[in-house]
2 protein chains.
Amino acid sequence: MSDEVVDSNPYSRLMALQRMGIVTNYQAIRQKTVAVVGMGGVGSVAAEMLTRCGVGRLLMYDYDTVELANMNRLFFRPDQAGMTKTAAAAATLTGINPDVALEAFTMNITTLAGFEAFKRSLSDGAGRSRVDLVLSCVDNYEARMTINQVCLELSQAWMESGVSEDAVSGHIQTILPGTTACFACVPPLVVASGIDERTLKREGVCAASLPTTMGIVAGLLVQNSLKYLLEFGSVTRYLGYSSLTDFFPTLDIKPSPGCPSGLEEGLDDLLSQLSALQ
Amino acid sequence: MSDEVVDSNPYSRLMALQRMGIVTNYQAIRQKTVAVVGMGGVGSVAAEMLTRCGVGRLLMYDYDTVELANMNRLFFRPDQAGMTKTAAAAATLTGINPDVALEAFTMNITTLAGFEAFKRSLSDGAGRSRVDLVLSCVDNYEARMTINQVCLELSQAWMESGVSEDAVSGHIQTILPGTTACFACVPPLVVASGIDERTLKREGVCAASLPTTMGIVAGLLVQNSLKYLLEFGSVTRYLGYSSLTDFFPTLDIKPSPGCPSGLEEGLDDLLSQLSALQ
């Protein structure tokens, strides 16, 4: 990773972060491994940002294929329709930055076998995590709970992201096992209120999505990832984005009583903070 | 623009914005013309977002070529190095969505001839504007003042954007001639304080940039463009982004006394609002 200030150096503008005093050691990014789970509208853009930033190793997980209905978000191209998202992403990202070591996993992490394979792929030979950060870019509760459980078992820091079904809101959340609330402490309201998530999807109805909202959520997610990995600025625990009014609430969520991570408090805390914001 | 809910329809997730009650008439975007001035780290992503959203006509302006030093932002690829940014962008965007009518202008708008050609390109035969919105994604004061002057002369709404030289802050601003402060009312502090912008650039020093900050600013810019063009939510007049702390200040800037747009107040108002935020 050269810091030479010439037009032919793809890293010159990144190494400038170090010269300008923002980051102490930018080159440390070459030693980092990040896993992106879900290569949809948020995950694919997050993977591209990490690739362009020169992350050392990038693990990508998805079981789906590229469809023309995905063309209203950034990243995938019409000529990739029918390819698996992981294969299409690997081809594009290698072309953008061949310095990044890519590992593509075409698998569903929510099955019993998937859970075990997912945990094994994140582990070194001694049962510890081999990655520095896991980014959750999935679109359903089961996959988030799977990531939460694997990260608790590996004591692995991760960041959750999400975009609303009407495409105009989103959030990111940083989860540090043993320090912050885990995802099971603070389930989404739809889960806490006992509604079956599947009843929200009706025949002939599809969720909306926008390249703007998804690009912004991916940007906020990777910006906080860079702050976490390279130790600059402050990593935000929970950041919301409400695009209709450009409102960006932040929260600090305490763990629930009986939380699998062994800490306390939680949903009541979130609800009281949310009501204070309204 | 079909609203059929099938995987082969690239517009199904956009038309869902209408079914979900966010936008009254999404198809109106096919009648809109947007100009993106500056196809760098913000402009190229803004152009891609508008293309994927199905804007009717997109005008793109830049005089520069793609360099490998641009690879730390989204959009351009290493195999495009040496191409003009407008030609590279036109090729990529046509591949993504051939429904969008593209016009590429490889020109410097800040020369005397460039100013006239820029104004002519935005005008219909009767000297009125033929575009619905101009997005400023340039990186210098002269180009912003050129856009400001042309948009004042054509009574053309535009949105300004910018990213700081240390890559960790940015902003967008909506400028409606005759309603809001224009860009000349509220020059950047470096201009208001009388420092020559060129003295800030030193030999061997280059500005930093990040795909995250630029992607977020492009997302906020185009999200507000969509709200303006399709009349939903509220368009933010000024929105800042400070990534080290995830701080997003909003301001409403009044025009300066003696403003070319013929309205009043301005810099003092901005300074008092900024000091109130600190």
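Note that the structure is predicted; figures quoted are calculated from it, not measured.

Conventions used here
Residues numbered from 1 in each chain as written. Chains lettered and ligands numbered in written order. Predicted model: local features only at pLDDT ≥ 70, side-chain atom pairs only at ≥ 80, totals over all residues. Heavy atoms only, no water. Least-squares fit on C-alpha atoms with pLDDT ≥ 70 in both. Contact = heavy atoms within 4.5 Å. Axes fitted to C-alpha atoms, helices over the stretch in contact; angles between N-to-C directions. Helix = DSSP H or I, 4+ residues; strand = E, 2+ residues; numbered from the N terminus. Parallel < 35°, antiparallel > 145°, perpendicular 65-115°, else oblique. Left-handed = near helix turned anticlockwise from the far one by under 90°. Core = buried A, V, L, I, M, F, W, Y, C linked by side-chain atoms within 4.5 Å. Buried < 20%, exposed > 50% of the residue type's maximum accessible area, 1.4 Å probe, protein only. Pairing = 2+ DSSP bridges. Salt bridge = Lys/Arg side-chain N within 4 Å of Asp/Glu carboxyl O. pLDDT = per-residue confidence, 0-100. Nonpolar A, V, L, I, M, F, W, Y, C, P; charged D, E, K, R; others polar. Buried area = accessible area lost by both parts, 1.4 Å probe. Expected span 1.5 Å × (residues − 1). Arc of directions from axis to C-beta. Phe/Tyr/Trp six-rings, centres within 6.5 Å; stacked < 30°, edge-to-face > 60°.

**Q** Could you give an account of the relation of the copies chain A and chain B, with specific residues and numbers?
**A** When chain A is fitted to chain B, the best match, at an RMSD of 0.0 Å, comes from turning it 180 degrees and sliding it 0.0 Å along the axis. Such values leave the two copies arranged in the relation of a two-fold axis. No C-alpha of chain A approaches the rotation axis more nearly than that of Ile-216 of chain A, which lies at 2.3 Å. Most of the interface of chain A is mirrored in chain B, where 100% of its interface residues again form contacts.

**Q** Describe in detail the packing of helix 7 (residues 211-230) of chain A against helix 7 (residues 211-230) of chain B, supporting the description with residues and values.
**A** Where helix 7 of chain A contacts helix 7 of chain B, the axes come no closer than 8 Å and their chain directions differ by 155 degrees. Considering their axes alone, helix 7 of chain A and helix 7 of chain B lie roughly antiparallel with respect to each other. Our pair here, helix 7 of chain A against helix 7 of chain B, has a crossing hand that is left-handed. Across the interface between the two elements, Thr-212, Thr-213, Ile-216, Gly-219, Leu-220, Val-222, Gln-223 and Leu-226 of chain A of helix 7 of chain A pack against Thr-212, Thr-213, Ile-216, Gly-219, Leu-220, Val-222, Gln-223 and Leu-226 of chain B of helix 7 of chain B.

**Q** Can you lay out the nonpolar core for me, pointing to particular residues and giving the numbers?
**A** Within the largest apolar cluster, 118 residues are counted, with the highest numbers of intra-cluster contacts made by Tyr-26, Leu-58 and Leu-135 of chain A together with Tyr-26, Leu-58 and Leu-135 of chain B. For Leu-58 of chain B, the contacting residues outside a window of four places in its chain are Val-34, Val-36, Ala-47, Leu-50, Thr-51, Leu-93, Val-100, Ala-101, Leu-102 and Glu-103 of chain B.

**Q** Talk me through the sheet that holds strand 6 (residues 169-175) of chain B; I want residue IDs and the actual numbers.
**A** Sheet strands pair by backbone hydrogen bonding; their relative direction is either parallel or antiparallel. Residue and element names in this part refer to chain B. Read from one edge of the open sheet, eight strands run 3-2-1-4-5-6-7-8, paired in mixed fashion. Each end of this open sheet is capped by a strand with a single partner; those strands are strand 3 (101-106) and strand 8 (250-251). Bridge count between strand 2 (residues 57-62) and strand 3: six bridges; the pairing is parallel. Paired with Asp-62 across the strands is Thr-106, a residue of strand 3. Each of strand 2 and strand 3 is contacted by helix 3 (residues 85-96), which is oriented at about 155 degrees to strand 2, the strand it contacts most. Taken strand by strand, helix 4 (residues 112-122) contacts strand 1 (33-37), strand 2, strand 3 and strand 4 (133-136), and its axis lies near 175 degrees from that of strand 2.

**Q** With reference to specific residues and values, describe the pattern of salt bridges.
**A** All names here are of chain A. Within this structure, the stated rule accounts for 19 salt bridges over all chains. The closest approach of N and O atoms between Glu-153 and Lys-119, which form a salt bridge, is 2.7 Å. Residue Glu-153 is located in helix 5 (residues 141-153), and its partner Lys-119 is located in helix 4 (residues 112-122); the two are separated by 34 residues in the primary sequence. By relative accessible area, Glu-153 is classed as partly exposed at 40%. The exposure class assigned to Lys-119 is partly exposed, which follows from its relative accessible area of 23%. Salt-bridge contacts for Asp-124 lead to Arg-128; the nearest nitrogen and oxygen are separated by 3.8 Å. Residue class for Asp-124 comes out partly exposed when judged on its relative accessible area of 29%.

**Q** So what's going on with the environment of Val-186 of chain B? Which residues, and what values?
**A** Considering the arrangement of structural elements, one finds Val-186 of chain B in the loop between strand 6 and helix 6 (189-192). With 27 residues separating them in the primary sequence, Val-186 of chain B and Met-159 of chain B have C-alpha atoms 14 Å apart.

**Q** Tell me about the confidence of the model for chain A, residues and numbers included.
**A** Per-chain confidence: chain A averages 90 in pLDDT, with 86% of residues scoring 70 or above. Confidence metrics for the complex model read pTM 0.92 and ipTM 0.92.

**Q** Could you give an account of the packing of helix 4 of chain B against helix 5 (residues 141-153) of chain B, naming the residues involved and the relevant values?
**A** Residue and element names in this part refer to chain B. The N-to-C vectors of helix 4 and helix 5 enclose an angle of 45 degrees; their axes lie 10 Å apart at closest approach. In this view, helix 4 runs oblique relative to helix 5, as classed from their interaxial angle. Considering only the axes of helix 4 and helix 5, their crossing is right-handed. Facing Phe-115, Phe-118, Lys-119 and Leu-122 of helix 4, the residues of helix 5 in contact are Thr-146, Ile-147, Gln-149, Val-150 and Glu-153. Looking at side-chain class alone, the contact of helix 4 with helix 5 contains five nonpolar, two polar and two charged residues.

**Q** Tell me about the interface of chain A and chain B, and please be specific about residues and values.
**A** Every contact between the two is made by 64 residues of chain A and, on the other side, 64 residues of chain B. Here chain A and chain B share an interface that buries about 5500 Å² over both sides, 65% of which is from carbon and sulfur atoms. Three residues, Arg-13, Arg-52 and Gln-223 of chain A, lead the burial of chain A against chain B; their summed loss comes to 13% of the area buried on that side. Remark: the boundary between chain A and chain B carries two salt bridges. Note that Lys-227 of chain A and Asp-246 of chain B form a salt bridge whose closest N and O atoms lie 3.6 Å from each other. Elements that contribute at least two residues to the side of chain A that touches chain B include exactly helix 1 (12-19), helix 2 (43-52), helix 3 (85-96), helix 7 and strand 7 (238-242) of chain A. When its residues are assigned to classes, the side of chain A that touches chain B shows 35 nonpolar, 18 polar and 11 charged.

**Q** How would you summarise helix 7 of chain B if you had to cite specific residues and measurements?
**A** For an α-helix the count is 3.6 residues per turn, leaving residues at separations of three or four pointing the same way. For helix 7 of chain B, with 20 residues, the first-to-last C-alpha span of 27 Å sits near the 28 Å given by 1.5 Å per residue. Glu-231 of chain B, located one to two residues past helix 7 of chain B, shows a positive phi value of around 55 degrees.

**Q** Tell me about helix 4 of chain A, and name the residues and values.
**A** Residue and element names in this part refer to chain A. Of the residues making up helix 4, those classed as buried are Gly-114, Phe-115, Phe-118, Ser-121 and Leu-122. Along helix 4, the residues classed as buried sweep out an arc of 135 degrees about the axis, all on the same side. Residues Leu-112, Ala-113 and Arg-120 are exposed on helix 4 and point more than 90 degrees away from its buried face. Buried residues in helix 4 make contact with strand 1 (33-37), strand 2 (57-62), strand 3 (101-106), strand 4 (133-136) and helix 5.

**Q** Go over the packing of aromatic side chains, please, and point to the residues and values.
**A** Applying the stated rule across the entire model yields 13 aromatic pairs over all chains. Geometrically, the ring pair formed by Tyr-61 of chain A and Phe-118 of chain A is edge-to-face, given 5.0 Å between the ring centres and 85 degrees between the ring planes. Of this pair, Tyr-61 of chain A sits in strand 2 while Phe-118 of chain A sits in helix 4, and the two are 57 residues apart along the sequence. Here Phe-118 of chain A falls in the buried class, since its relative accessible area comes to 0%. Seen from their ring centres, Tyr-141 of chain B and Phe-183 of chain B are 6.3 Å apart, and the 45 degrees between their planes marks the pair as tilted. Here Tyr-141 of chain B, found in helix 5, pairs with Phe-183 of chain B, found in the loop between strand 6 and helix 6; they are 42 residues apart in sequence, far enough to count as distant. A relative accessible area of 4% means that Phe-183 of chain B is categorised as buried. Ring pairs connect the aromatic residues Tyr-241 and Phe-248 of chain A together with Tyr-241 and Phe-248 of chain B, which therefore count as one cluster.

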